[in-house]
Amino acid sequence: LLQLVRAPARLWERRRHHTDFCQVRLGSGDRAMFSLAVPEEQNPVQPYDPIMINEVNSVVAHYRVVRGMPVTVNLDRAGQVAIIGDRKSVLSAARSLIVQLTALHAPDDVRIAAAFPREAAADWTGVDLLPHVIDPELYDGPVPARRIAGSAAGLTKVLGQDLADRVQVVASAKRSGFRLPSSES
């Protein structure tokens with residue numbers, strides 16, 4: 001990810017029309033490669049050699065799962081996402097998701113908003129500097145406002161007009177039977 005950020009041509013390379021839009025890596029784990037199975041015996045008169053069938057079953061068991069593969073989640077149209085675990089792991093995972101989203105996606109495509117109490121501000125140092133949290137239409141004095149607040153209620157006030165606009169778009173789409181593109185969700 002660091003090499004990607006250092007290469008300006010690759011910064012924000014994932015756009016809304018890409019298949020990997022809003023797909024982020026959570027870690028690594030064991031993933032099923034593809035379905036491997038030993039076919040049933042077709043001829044009862046000529047059964048499989050028991051030694052060979054054991055070898056085949058061993059190969060199938062060994063190669064069915066690939067270890068150390070990326071585990072990803074697609075956040076496009078995900079709705080609510082919860083990260084559950086101990087505080088240190090949850091913060092690490094949340095920060096990782098934010099870093100990936102902001103490095104791989106342009107601020108025009110991904111907007112980030114955050115709510116955290118003042119006593120947790122040290123955990124989120126730097127989030128306020130991301131261009132993805134800036135609301136170019138709302139100003140806090142002479143500078144554009146950031147989509148950051150000290151509580152969920154405060155964030156609702158910051159996002160008020162944007163949320164109202166999105167609710168209106170969704171309601172209109174539902175009434176007309178129109179399927180929304182992923183950028184409107």
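Scroll up for the structure.
Nothing here was measured: the structure is a model prediction, and the numbers come from that model.

Draft legend 1. Representation of the overall build of the protein chain. Of the regular secondary structure elements, the protein chain holds 4 helices and 6 strands. In sequence order, the secondary structure elements of the protein chain are arranged as α-β-α-β-α-β-β-β-β-α. Summarising its shape, the C-alpha atoms of the protein chain cover approximately 85 × 45 × 35 Å along the three principal directions. Taken across its 185 residues, the protein chain has 20% of its residues classed as buried. Taking as baseline every contact in the protein chain between residues at least 6 positions apart, the subset at least 24 positions apart corresponds to 67%. Accessible surface for the protein chain amounts to roughly 13300 Å². Of this, 56% is attributable to carbon and sulfur atoms. When the 22 positive and 20 negative side-chain charges of the protein chain are each reduced to one mean point, those points stand 5 Å apart.

Draft legend 2. Looking closely at the environment of Val-71. Looking at where Val-71 falls in the secondary structure, it is placed in strand E2 (residues 65–74). Residues Val-71 and Ser-28 lie 43 residues apart in sequence; the distance between their C-alpha atoms is 5.1 Å.

Draft legend 3. Quick look at the side chain of His-132. Turning to its location among the elements, His-132 is positioned in the loop between strand E3 (114–115) and strand E4 (134–140). On the accessibility criterion, His-132 (1% relative accessible area) is buried. In this structure the side chain of His-132 is engaged in a polar contact, spanning 2.6 Å, whose partner is the backbone oxygen of His-105. Setting aside anything within four residues of it in sequence, one finds His-132 in contact with Trp-12, Leu-101, Thr-102, His-105, Ala-106, Pro-107, Val-110, Arg-111, Ile-112 and Arg-147.

Draft legend 4. Spotlight on the side chain of Arg-147. Within the fold, Arg-147 resides in the loop between strand E5 (143–146) and strand E6 (148–149). For the buried Arg-147, which has no salt bridge, the nearest side chain bearing the opposite charge is Asp-135, at an N-O separation of 4.4 Å. Side-chain polar atoms of Arg-147 contact the backbone oxygen of Ile-134, separated by 3.1 Å.

Draft legend 5. Representation of the pattern of salt bridges within the structure. Here the structure, examined in full by the defined rule, presents 7 salt bridges. Of the charged contacts in the structure, one is a salt bridge between Asp-20 and Arg-14, with a shortest N-O distance of 3.1 Å. Asp-123 serves as the salt-bridge partner of Arg-87, at 2.2 Å between the closest nitrogen and oxygen. With Arg-87 in helix H3 (residues 87–104) and Asp-123 in the loop between E3 and E4, the pair connects residues that are 36 residues apart, well separated along the chain. A single network of salt bridges, built from pairs that share partners, joins Arg-15, Arg-16 and Asp-109.

Draft legend 6. Just the nonpolar core, in detail. Formed by 17 residues in total, the largest nonpolar core has its most connected members in Cys-22, Ile-98, Val-110, Ile-112, Phe-116 and Trp-124. Take this core: its biggest share by element is 5 residues, from H3. Among all residues touching Phe-116, those that are not within four sequence positions of it are Ala-121, Trp-124, Ile-148, Ala-149 and Gly-150.

Draft legend 7. The arrangement of the packing of aromatic side chains in detail. Under the defined criterion, the tally for this structure stands at 1 aromatic pair. Relative to Trp-124, the ring of Phe-116 has its centre 6.2 Å away and its plane inclined at 25°; by these criteria the two rings are stacked. With respect to class, Phe-116 is no different from Trp-124; both count as buried.

How each quantity is defined
Residues numbered from 1 in each chain as written. Predicted model: local features only at pLDDT ≥ 70, side-chain atom pairs only at ≥ 80, totals over all residues. Heavy atoms only, no water. Helix = DSSP H or I, 4+ residues; strand = E, 2+ residues; numbered from the N terminus. Buried < 20%, exposed > 50% of the residue type's maximum accessible area, 1.4 Å probe, protein only. Contact = heavy atoms within 4.5 Å. Areas by Shrake-Rupley, 256 points an atom, 1.4 Å probe, with all protein chains shown as cover. Lys, Arg positive; Asp, Glu negative; His and termini not counted. Charge placed at Lys NZ, Arg CZ, Asp CG, Glu CD. Polar contact = N/O pair within 3.5 Å; in protein donor to acceptor, adjacent residues only side chain to side chain. Salt bridge = Lys/Arg side-chain N within 4 Å of Asp/Glu carboxyl O. Core = buried A, V, L, I, M, F, W, Y, C linked by side-chain atoms within 4.5 Å. Phe/Tyr/Trp six-rings, centres within 6.5 Å; stacked < 30°, edge-to-face > 60°.

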